[in-house]
Amino acid sequence: MRASLDRLRDRFAEKVLLAYSTEQGDDFAVVDPAALREVARFCKEEPELDLRMFVSMCVVDRLLLPEGGPRFELVYQLRQGREPWKKLHLKVRLTEERPQVDSVQPIWKGADWWERYAWDFYGIRFTGHPDLRRILMYEEFEGHPLRKDYPLRGRQPLVEGRGSEELIRGPGAAPPKK
Amino acid sequence: MSTPADGKARDTLEVGRQDLLSLPDSSERMVINLGPSHPAMHGTVRMLVELEGETIAKAVPEIGFLHRGFEKSCEASTWTQCLPYVDRLNYVSSLLNDFGYLVVVEKLLRLEIPERAKFIRVIAGELHRICDHLTLVGALGMELGGFTAFLYALEARELIWDRIAELTGARVTTSFGRPGGVQRDLPQGWGEKVLETLDRVAELRDELDVLLTRNRIFADRTRGAGVISRDDALEFGFTGPCLRACGVGYDVRKAHPYFVYDQLDFDVPLGEHGDNYDRYLVRMEEMKQSDRIVRQALAKIPEGPVMVGDWRVALPPKEQVYGTIEGTIAHFKLIMEGIQVPAGEAYAYTEAANGELGFYAVSDGSGRPYKLHVRAPGFPILSAVPSMIEGRLLADLIPTFDSINMIGGEVEV
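No experiment lies behind these values; they were computed from the predicted model shown. (Residues numbered from 1 in each chain as written. Chains lettered and ligands numbered in written order. Predicted model: local features only at pLDDT ≥ 70, side-chain atom pairs only at ≥ 80, totals over all residues. Heavy atoms only, no water.)

Let us look at the pattern of salt bridges. In total, this model carries 52 salt bridges over all chains according to the counting rule given. For Arg93 of chain A, the salt bridge is made with Glu73 of chain A, and the minimal N-O distance between the two is 2.6 Å. In this pair, Arg93 of chain A is assigned in strand E5 (residues 87-94) and Glu73 of chain A in strand E4 (residues 72-79), connecting sequence segments 20 residues apart. A salt bridge links Glu126 of chain B to Arg129 of chain B, with the shortest nitrogen-to-oxygen separation between them at 3.0 Å. Placement of the pair is Glu126 of chain B and Arg129 of chain B together in helix H5 (residues 115-143), with a separation of three residues, close to one helical turn. (Salt bridge = Lys/Arg side-chain N within 4 Å of Asp/Glu carboxyl O. Helix = DSSP H or I, 4+ residues; strand = E, 2+ residues; numbered from the N terminus.)

Right, let's get into the sheet that holds strand E8 (residues 369-375) of chain B. Residue and element names in this part refer to chain B. The three strands lie next to each other as E6-E7-E8, forming an open sheet whose pairing is antiparallel. What marks the edges here is a single partner per strand, and that holds for strand E6 (344-352) and E8. If you compare each strand with its neighbour and ignore which way they point, the axes differ by 15° on average. Pairing analysis gives six bridges linking strand E7 (residues 355-363) to E8, with the strands arranged antiparallel. The residue of E8 that forms the bridge with Gly358 is Arg375. Those strands touched by helix H4 (residues 94-109) are E6, E7 and E8, and its axis lies near 150° from that of E6. (Pairing = 2+ DSSP bridges. Axes fitted to C-alpha atoms, helices over the stretch in contact; angles between N-to-C directions. Contact = heavy atoms within 4.5 Å.)

All names here are of chain B. Taking 1.5 Å per residue as the helical rise, H4 with its 16 residues ought to reach 22 Å, and the 23 Å between its terminal C-alpha atoms agrees with that figure. Burial of H4 is extensive: 16 of the 16 residues sit out of reach of the surface. One or two positions beyond H4, positive phi appears at Arg110, with a value near 55°. (Expected span 1.5 Å × (residues − 1). Buried < 20%, exposed > 50% of the residue type's maximum accessible area, 1.4 Å probe, protein only.)

What follows covers the layout of surface pockets. Empty space among the atoms becomes visible once a probe the size of a water molecule is rolled across them. By volume, the largest pocket amounts to about 640 Å³. Met137, Tyr138, Phe141 and Pro145 of chain A together with His67 of chain B are, among the 36 residues lining the largest pocket, the residues nearest its centre. Secondary-structure elements contributing two or more residues to the lining of the largest pocket are helix H3 (111-122) of chain A together with strand E3 (55-62) and helix H2 (70-75) of chain B. Ranked by the residues each element gives to the lining of the largest pocket, the list is headed by H2 of chain B, at four residues. Residue composition of the lining of the largest pocket, by class: 19 nonpolar, seven polar and ten charged. (1 Å grid on protein atoms, 1.4 Å probe; cavity = no way out; pocket = protein on both sides within 12 Å on 5 of 7 lines; lining within 4 Å. Points joined across faces, edges and corners; volume = space filled by probe spheres on them. Nonpolar A, V, L, I, M, F, W, Y, C, P; charged D, E, K, R; others polar.)

So, on to the domain arrangement of chain B. Residues and elements named next belong to chain B. Along its sequence, chain B is organised into domain 1 (12-62) and domain 2 (70-110 + 112-307 + 342-411). If you look at the interface, domain 1 gives 17 residues, while domain 2 gives 16 residues. Buried area between domain 1 and domain 2, both sides added, is near 1500 Å², and the carbon and sulfur share of it is 72%. Considering only the surface of domain 1 that becomes buried against domain 2, His42, Met47 and Ile56 emerge as the three largest contributors, covering 38% of it. Inspection of the region where domain 1 meets domain 2 yields zero salt bridges. The interface formed by domain 1 and domain 2 contains four residue pairs in polar contact (both at pLDDT 80 or more). Put simply, the parts of the chain that give the side of domain 1 that touches domain 2 at least two residues each are strand E1 (30-34), strand E2 (46-52) and E3. For the side of domain 1 that touches domain 2, the element with the highest residue contribution is E3, accounting for six residues. A breakdown of the residues in the side of domain 1 that touches domain 2 according to their chemical character gives 13 nonpolar, two polar and two charged. (Domains from an automatic or database assignment. Buried area = accessible area lost by both parts, 1.4 Å probe. Polar contact = N/O pair within 3.5 Å; in protein donor to acceptor, adjacent residues only side chain to side chain.)

Turning our attention to the packing of H5 of chain B against helix H6 (residues 147-168) of chain B. Any two packed helices are characterised by how steeply their axes cross, that is the angle between the axes, and by the distance between the axes. Residues and elements named next belong to chain B. Look at H5 against H6: their axes get within 8 Å of each other, and the N-to-C directions meet at 160°. By the criterion of interaxial angle, the relationship of H5 to H6 is roughly antiparallel. Like other packed secondary-structure pairs, H5 and H6 cross with a definite hand, here left-handed. Contact with H5, carried on its side by Ala124, Leu127, His128, Ile130, Cys131, Leu134, Thr135, Gly138, Ala139 and Met142, involves Phe147, Ala149, Phe150, Ala153, Ala156, Arg157, Ile160, Trp161, Ile164 and Leu167 of H6 and no other residues of that element. The residue inventory of the contact of H5 with H6, partitioned by class, reads 16 nonpolar, three polar and one charged. (Parallel < 35°, antiparallel > 145°, perpendicular 65-115°, else oblique. Left-handed = near helix turned anticlockwise from the far one by under 90°.)

Take a look at the structure:
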């Protein structure tokens, strides 16, 4: 996959901030947040890369890591849609003050729920996402529980009771209105 | 029309039920709520369905009712203590989760495990894969009205779970793997018992095949329903049987062989249409392939240790713990501080029953994971359900939901 990293560097020059492979064989390309959507589209549509499979996405809160630097690191796992099924990890680093980046949902449909997950648990905002709601926590929940400064045993007050017509509603957004 | 005691005929209109005669306004949509506790919804997931007549106009899945904070809990535990949590991701095939998680730990540790341990992981994992597929096939049959199929599937699953219990001490949540190998060796005579069990499971599987595969009702309800195209499946991140049912031959065991899968001979069954019926057929065939794998692995398994001898990873033997100071110290440090995993990051993935189970782990060099992300195969698949059922009948929702095998434990980490 070395070749793919070179391909990205050739095409995007300084927009690829860093490209490296680990000893165990994972390839990472750190991309300028402003260029994420452009790079993502290239990864998917360039026949040589053909990274059509959106495997998953996660966030690392680097608050307690000694290296310093921007607080949040988004890691996108991508894979080719054909043999030899090579994979690539795209990374974007976001600061604590502005945890916001373009959504890649218009490029890969699979990014929809993963971005909602990143919003729910880390408070990352994705511009251009069609429906950025919490996914696992309930809407009244305050804060983003996987951030390193959220306490392990953090307790939140019980949610206020709801009227009888809301009883079947449960947590989450209201059902689609007629 | 009814004739009451006074002999005077009265129709419905007269008794004031005009509303029964009025046709519902077809432009009006009805919203129904399935779940989070519904007999036909696996796990606690909720589906809000907007209907036009009986056609689904819009479906919104809502998850989170089983969320337990898996990732947060793991960050507060040592690498070994994560194992019981990992078990509870896909609780129908917990061994596959165990081993999938251990692959990422061993990747960070740059650790090669003994050959015999690799074979044991393959054997136990494939047995659990059969369990997982049996559950799906049985439940699919049951929820389409064929309760008998469910009983055959569960009988077979129980037989395998008995073998798993003999091996690990637990039927469901096994916690059997350890970084560096597995907890214990195969029990005496276990291999022969497994072969006998597989023979019986094959009989029961054939019964299921006869009951379902050519059953007219079953085929009509599943064929052409819940269809997803190949391109969409890739874009959503489908893996496992659901992707292979679309005709894409991606199987981690072949594409990126781990343990000893490269030494074993097996086929990857492919579907064609990407519908519920193909997902069912792929799983039926995969059970046969898993059966082949277990038989070959049992024949080939070498003698030797099942755990690495390195006391920085493996617990020392009890005589050493109580008899020598080195053993005591190694034991104390492993229990109190955990395995010291070098700082770094890695993504490792294996083929679990529902597809690619990936773990992205970041270590800061301490005994606990700094970050452990689980890429559960069911999560992207569930997110695609609306696009698979919108425009179809409400009755297609349940078989579609069954055939993707959504497991709450892994989706709602």
